[in-house]
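Per-entry structural report
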Amino acid sequence: MQLGEFGLIEVLRKALGEMDPDLLIGMGDDAAVVRCPEALAVCSDTMVAGRHFFADVAASDLAWKALAVNLSDLAAMGATPRWALLNLSLPAGHGEDWGRWVDEFIAGWRAMAVPWRVRLIGGDTVATDGPLTITVVLLGAQRPAPMRRDAARPGQGIWVSGSLGDAAAALDIARSRRGLPARRPQDLSAAAEAVLEQRRLRPSPRLALGEAAAGCGVGCAQDISDGFLADLGHILRASGVGARVDVDALPVSSALRPALGEDWSAWQRWPLTGGDDYELILCAAPELEQALLDIGRATDTPLTRVGEIVPASAGIELRWRGHVQRVEGHGGHEHVF
């Protein structure tokens, strides 16, 4: 790799290594040094070519999403992002092509990092014989009490931000174009497919909503990466409770809605279990619901009540078009984008 490890580090340092008052030593030493006046929330995520994304995804989109999925984890805790570590494993043998790739990666990273004031403070780079691999570690300030998976209680409403199913439907479109097994959504215009693709590659983490919800006393949240039903399941297992979900109420975008109609299998595949939405599930007591709606308006984030937490003995009940279905098990799965 002609750019070289130290050359790449210098490029990243100059482009992304801005200092801030609590960053005492940034990129360039054996370790960064930060001042921590508050509790820190820390998360990490790894994306591997061929497993988590197609090899032809643009570098700018990879950078955006690699950072966004970690920002979404902090949003679910109600934390404010501060600093990031970036590990890049770049396949060897591509010569100067990586210089152009890195320029595009920097542009995508900045597009997500700058609005949220995320500073890159270190990481590692390596030329490898394996696939392109991107690992991000993100640190955030935990000012309100963190929202947790184990804080759901019977009687709380189940709320969802934004819309569900867009990214999963876009993945099916992308897979079908590559001749891979998929169920391609029908009755969508080219413009609608473009909207879904943007949601797949460039999700919008709900940071403002998460911090404000934690600040007003919401104690339970989870970001949606594995799919609404699977991630709600994480909450239910951690909290020892059940749920009643009105599938009819699940928020879907105007771009996806024509592909759903009255098709239960389509509702199951995309909004209910599709994944990669990076929206938030929030469980809120009735007395907090007006405050939550006010926060949604203040942060320009659509919020929809989709069900209620119930005792564990009731299990998980899905209601759709007057029918009731009980769910025995629900697991997450990874999505290649």
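Bear in mind that the values here come from a model prediction, so they are computed numbers and not experimental data.

1. Quick word on the sheet that holds strand β9 (residues 241-246)
With mixed pairing, the seven strands of this open sheet are ordered in space as β8-β10-β7-β11-β9-β12-β13. Only two strands of the sheet have a single neighbouring strand rather than two, namely β8 (220-223) and β13 (323-327). When strand polarity is set aside, the average angle formed by the axes of neighbouring strands in this sheet is 25°. Two strands pair when backbone bridges link them, and strand β12 (residues 316-320) and β13 are joined in this way by five bridges, in the antiparallel orientation.

2. Digging into the nonpolar core
If you look at soluble globular proteins, the nonpolar side chains tend to sit buried side by side. Among the nonpolar cores identified, the biggest contains 59 residues, and Leu12, Trp101, Trp109 and Leu282 are the most heavily contacted of them. Among the elements that line this core, the one with the most residues is helix α2 (residues 59-77), at 11 residues. With residues up to four places along the chain from it excluded, the contact list for Trp109 reads Leu16, Ala63, Trp64, Leu67, Ala84, Leu86, Leu120 and Val136. One finds Val160, Leu236, Val241 and Leu250 within the second-largest nonpolar core, a separate group that totals 40 residues.

3. Section: a nonpolar patch on the surface
A contiguous nonpolar surface patch, about 210 Å² in accessible area, is contributed by Leu24, Ile25 and Val33. Take Val33: it is sitting in strand β2 (residues 33-34).

4. Things to note about the layout of surface pockets
In this structure, the second largest pocket encloses a volume near 250 Å³. Residue assignment for the lining of the second largest pocket shows that the elements contributing at least two residues are α1 (5-16), β4 (80-91) and β5 (119-128). Counted by class, the lining of the second largest pocket contains nine nonpolar, five polar and four charged residues.

5. What to know about the pairing of strand β10 (residues 280-284)
Within β10, five of the five residues are buried, leaving the element largely enclosed by the surrounding structure. Taking every second residue as pointing to the same face, both faces of β10 are buried, with Leu280, Leu282 and Ala284 on one and Ile281 and Cys283 on the other. Where strand β7 (residues 157-161) lies against β10, four bridges are found, and the strand directions are antiparallel. In the strand pairing of β10, Ile158 is matched with Cys283. Summarising the sheet, β8 and β10 pair through four bridges and their orientation is antiparallel.

6. Concerning the pattern of salt bridges
Evaluated as defined, the whole model comprises 26 salt bridges. Taking the shortest distance from any N to any O, the salt bridge between Glu197 and Arg200 comes out at 2.6 Å. In this pair, Glu197 and Arg200 both sit in helix α5 (residues 190-201), three residues apart, roughly one turn of the helix. Taking relative accessible area as the criterion, Glu197 reaches 24% and is therefore assigned partly exposed. The exposure class of Arg200 is buried, given its relative accessible area of 2%.

7. Focus on helix α4 (residues 166-177)
Here α4 spans 17 Å end to end across 12 residues, near enough to the 16 Å set by a 1.5 Å rise per residue. Where burial is concerned, most of α4 is hidden: nine out of the 12 residues are buried. For α4, every residue scored as buried is listed here: Asp166, Ala167, Ala168, Ala169, Ala170, Leu171, Asp172, Ile173 and Ala174. On its buried side, α4 packs onto α5 and α8 (264-272). Looking at the residues trailing α4, positive phi occurs at Gly179, about 75°.

8. Quick notes on α5
A rise of 1.5 Å per residue sets the reference length of α5, with its 12 residues, at 16 Å; its end C-alpha atoms lie 17 Å apart and thus fit the reference within 8%. Of all the positions in α5, only Ala192, Glu193, Leu196, Arg199, Arg200 and Leu201 are classed as buried. Residues of α5 that are buried make contact with α2 and α4.

9. Focus: the confidence of the model for the chain
Residues with a pLDDT of 70 or more make up 95% of the chain, whose mean pLDDT is 93. The model gives residues 330-337 a pLDDT under 50, and that stretch makes 38 contacts with residues more than four places away or in other chains.

10. Side note on the packing of aromatic side chains
With the rule as written, the count across this model stands at four aromatic pairs. The interplanar angle of 20° and the centroid separation of 5.1 Å between the aromatic rings of Trp101 and Phe105 together place this pair among those described as stacked. With a gap of four residues between them, Trp101 and Phe105 both fall in helix α3 (residues 97-113), about one helical turn apart. Taken together through their ring pairs, the aromatic side chains of Trp98, Trp101, Phe105 and Trp109 make up a single cluster.

11. Thoughts on the packing of α4 against α5
Interhelical geometry of α4 versus α5 gives an angle of 105° and a closest axis separation of 8 Å. For the element pair α4 / α5, the angle class is roughly perpendicular. Contact residues: α4 offers Asp166, Ala167, Ala169, Ala170, Leu171, Ile173, Ala174 and Arg177, while α5 offers Glu193, Leu196, Glu197, Arg199 and Arg200. Here the contact of α4 with α5 is built from residues that sort into seven nonpolar, no polar and six charged.

12. Looking at the sheet that holds β5
Read across the sheet, four strands follow the order β3-β6-β4-β5 without closing on themselves; strand pairing throughout is mixed. Strands at the two margins of the open sheet, each flanked by one partner only, are β3 (39-48) and β5. For this sheet, the mean angle separating the axes of adjacent strands, direction not counted, is 15°. Judged from the 10 bridges that link them, β3 and strand β6 (residues 133-142) form a sheet pairing that is antiparallel. Each bridged residue has a counterpart across the sheet, and for Val48 the counterpart in β6 is Thr133. Here α1 sits on the sheet in contact with β4 and β5, set at roughly 155° to β5.

Scoring rules and cut-offs
Per-chain numbering applies: the sequence of each chain, read as written, is numbered from 1 onward. Residues qualify for local features only when their pLDDT is at least 70, as the model is predicted, and side-chain atom pairs are given and counted only at 80 or more; totals for whole chains, interfaces and linings, by contrast, use all residues. Hydrogens and waters are ignored; side-chain quantities use all the structure's heavy atoms. A pair of strands is labelled paired if DSSP reports no fewer than 2 bridges between them. Starting at the N terminus, helices and strands are each numbered in turn, a helix being any DSSP run of H or I of at least four residues and a strand any DSSP run of E of at least two. Comment: axis = line fitted to C-alpha atoms, over the contacting stretch for helices; angle = value between 0 and 180 degrees taken between N-to-C directions. Throughout this description, the term nonpolar core refers to a set of buried Ala, Val, Leu, Ile, Met, Phe, Trp, Tyr and Cys residues connected via side-chain atoms within 4.5 Å. Working definition: with a 1.4 Å probe on protein chains only, accessible area under 20% of the residue-type maximum means buried, over 50% means exposed, and in between means partly exposed. Should any heavy atoms of two residues lie within 4.5 Å, those residues are considered in contact. Patch membership is restricted to residues that have no salt bridge and whose relative accessible area is over 30%. Joining uses 9 Å for like charges and 5 Å for the nonpolar side chains Val, Leu, Ile, Met, Phe, Trp and Tyr. Shrake-Rupley sampling with a 1.4 Å probe provides the accessible areas, and residues are treated as covered by the protein chains on show and by no other component. Between Lys or Arg on one side and Asp or Glu on the other, a salt bridge is scored when a side-chain nitrogen of the former is within 4 Å of a carboxyl oxygen of the latter. Any residue with an atom within 4 Å of a point lines the site, the site being either a cavity, points on a 1 Å grid over the protein atoms alone where a 1.4 Å probe fits but cannot get out, or a pocket, an open set with protein on both sides within 12 Å along at least 5 of 7 lines. Grid points are joined across faces, edges and corners, and a volume is the space filled by probe spheres set on the points. Side-chain classes are defined by residue name, with Ala, Val, Leu, Ile, Met, Phe, Trp, Tyr, Cys and Pro counting as nonpolar, Asp, Glu, Lys and Arg as charged, and the others, Gly among them, as polar. To estimate the expected span of a helix, count its residues, drop one, and scale the result by 1.5 Å. The predictor rates its confidence in each residue with pLDDT, a number between 0 and 100. What counts as a ring pair is set by centres within 6.5 Å for rings of Phe, Tyr and Trp (its six-membered ring), and what kind of pair is set by the plane angle: stacked under 30 degrees, edge-to-face over 60, tilted for all other angles. Under this scheme an angle from 65 to 115 degrees is roughly perpendicular, one under 35 degrees roughly parallel, and one over 145 degrees roughly antiparallel; angles in between are oblique.

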